[in-house]
Amino acid sequence: MTEIKISQLMDNYTDNEFFIDEESEVNMDKIKENVIENVSGKKTKIKPAAKIMIAVAAAAALAVGATAAAAVISGQLSDASGSIYNYEVHEDGYNISATAGNQADILTLEDGRLIFRLGDNTTDVTDLIDNQTPYIYAYTNADTGRKSYIVLGGTPEEYCMVDFSYLDGIGWSGYGCMDSIDGNAVSADVEEDVVRISFRKSYVRENGEVHPVEGGWPYHSHFIVFSDGQVTSTDVPDNWRDECMDAWLLNAMLSVDMIDPALLP
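Residues numbered from 1 in each chain as written. Predicted model: local features only at pLDDT ≥ 70, side-chain atom pairs only at ≥ 80, totals over all residues. Heavy atoms only, no water.

Engineer: Got a minute to help me understand the pairing of strand S7 (residues 93-99) in this structure?
Structural biologist: A regular strand places its side chains on the two faces of the sheet in alternate fashion. Extensive coverage of S7 is indicated by the burial of five of its seven residues. Judged from the seven bridges that link them, strand S6 (residues 84-90) and S7 form a sheet pairing that is antiparallel. Counterpart to Glu88 in the pairing with S7 is Asn95. Taken together, S6 and the strand that follows it, S7, pair antiparallel across an intervening segment of two residues. (Buried < 20%, exposed > 50% of the residue type's maximum accessible area, 1.4 Å probe, protein only. Helix = DSSP H or I, 4+ residues; strand = E, 2+ residues; numbered from the N terminus. Pairing = 2+ DSSP bridges.)

Engineer: What is the right way to read the side chain of Arg241 from this model?
Structural biologist: Secondary-structure assignment places Arg241 in helix H2 (residues 240-243). Of the residues examined, Arg241 reaches a relative accessible area of 17% and is grouped as buried. Among the polar contacts listed, one links the side chain of Arg241 to the backbone oxygen of Pro265, at a separation of 3.0 Å. (Polar contact = N/O pair within 3.5 Å; in protein donor to acceptor, adjacent residues only side chain to side chain.)

Engineer: Would you mind going over the state of the cysteines with me for this structure?
Structural biologist: Two cysteines, two sulfur atoms, one covalent bond between them: this is a disulfide. This structure, assessed with the given rule, holds zero disulfides. Among the cysteines around Cys177, which has no disulfide bond, Cys160 carries the closest sulfur, lying 7.9 Å off. (Disulfide = S-S within 2.5 Å.)

Engineer: Whenever I open this one, the packing of aromatic side chains confuses me. Can you help?
Structural biologist: In this description, an aromatic ring pair is defined by two values, namely the gap between the centres and the angle between the planes. This model, assessed by the stated rule, comprises four aromatic pairs. Judged by centre distance (5.8 Å) and plane angle (45°), the ring pair of Tyr149 and Trp172 falls under tilted. Of the two residues, Tyr149 sits in strand S12 (residues 147-155) while Trp172 sits in strand S14 (residues 171-178), which places them 23 residues apart along the sequence. Under the relative-accessibility criterion, Trp172 is labelled buried at 14%. One aromatic cluster in this structure is built from Phe116, Tyr135 and Tyr137. (Phe/Tyr/Trp six-rings, centres within 6.5 Å; stacked < 30°, edge-to-face > 60°.)

Engineer: Looking at this model, I keep getting lost on unusual backbone geometry. Mind explaining?
Structural biologist: Most peptide bonds are trans, and most residues other than glycine sit at a negative phi. Its identity is not glycine, yet Asp179 carries a phi of approximately 55°, on the positive side. Mapped onto the secondary structure, Asp179 falls in the loop between S14 and strand S15 (181-190). One non-glycine residue, Ser180, adopts positive backbone phi at about 50°. Position of Ser180 among the secondary structure elements: in the loop between S14 and S15. Here Ser180 falls in the buried class, since its relative accessible area comes to 15%.

Engineer: Sorry if this is basic, but what is going on with the confidence of the model for the chain here?
Structural biologist: A low pLDDT means the predicted coordinates there should not be read in detail. Across the chain, pLDDT averages 77, with 73% of residues at or above 70. Taken together, the stretch residues 1-68 has pLDDT below 50 and engages in 169 contacts with residues farther than four places along the chain or on a different chain. (pLDDT = per-residue confidence, 0-100. Contact = heavy atoms within 4.5 Å.)

Engineer: Teacher, can you tell me more about the nonpolar core here?
Structural biologist: Across soluble globular proteins, nonpolar side chains have a tendency to be buried as a group. Grouped together as the largest cluster of nonpolar side chains are 33 residues, with contacts concentrated most on Tyr149, Phe164, Phe199, Leu249 and Met253. Listed by contribution, the elements that provide at least two residues to this core are strand S11 (135-140), S12, strand S13 (158-167), S14, S15, strand S16 (194-199), strand S19 (220-227) and helix H3 (247-255). The greatest single-element share of this core, amounting to seven residues, is contributed by H3. In contact with Leu249, not counting residues within four places along its chain, are Val151, Val162, Phe164, Ala188, Ile197 and Phe199. The next biggest cluster of nonpolar side chains, apart from the first, holds 16 residues, and it includes Leu114, Phe116, Tyr135 and Tyr139. (Core = buried A, V, L, I, M, F, W, Y, C linked by side-chain atoms within 4.5 Å.)

Engineer: Can you help me understand the sheet that holds strand S8 (residues 107-110) in this one?
Structural biologist: Within a sheet, each strand pairs with its neighbour through backbone hydrogen bonds, oriented either parallel or antiparallel. The strand order across the open sheet formed by three strands is S8-S9-S10, and the pairing between neighbours is antiparallel. Of all strands in the sheet, those with a lone pairing partner are S8 and strand S10 (121-124), marking the two edges. Geometrically, the sheet is characterised by an average inter-axis angle of 30° between neighbouring strands, direction not taken into account. Bridge analysis of strand S9 (residues 113-118) against S10 gives four bridges, and the strand direction is antiparallel. Its bridge partner being in S10, Leu118 is matched across the sheet by Asn121. (Axes fitted to C-alpha atoms, helices over the stretch in contact; angles between N-to-C directions.)

Below, the structure written as structure tokens:
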């Protein structure tokens, strides 16, 4: 069982056109357009061995090991990738425990093509995504009734997926992987006063085999700290739209209103 503790991970829209079409099939001729499909249901395949523990709480409370007060909000939800989240919100912070699902099976490289697979649905997204352009799959979470999003981006040389769910009292929490390798984790969180994005590349695939690499954590990351809509600290560069490997993810978060465009350069 692998346990990861993550307490600190760390214009406006681009010129890309976002195509939003509820409950429709993907038009493969719309190259590099953002496609959103609205479906119901979830996939519940679970990998018990892949256990992630995300403990994000008030730093002072963690430091002194304070006993948690009764939860103000608590809940559980499953996402389309098969992850199960249990969370509690307290007056002095919150904690999340989650069992990872089948993120590595959602976006795979097959015969040089990037294939998005969820349940019985299969879509070739190779020509629909790149480092700036996301593919967004929207679905209604059966546990919460809220919209959730699977976001895909990158190229056949380096590709990623993130499954976002909204946790009441906390905000958006996204978890995924890079290059369809479980150990290459991607996380993205949007809370009341901070945005965190982090990529962990611990393994590479060569000649069909997966090999560990050094210096994988963090492979790439961003943070935005803000108060009353004003940025107080950030490491997102001015040229993120053209140069960042995760511009597709930031563009997706903008397009579904997870983050305010004013928070980005």
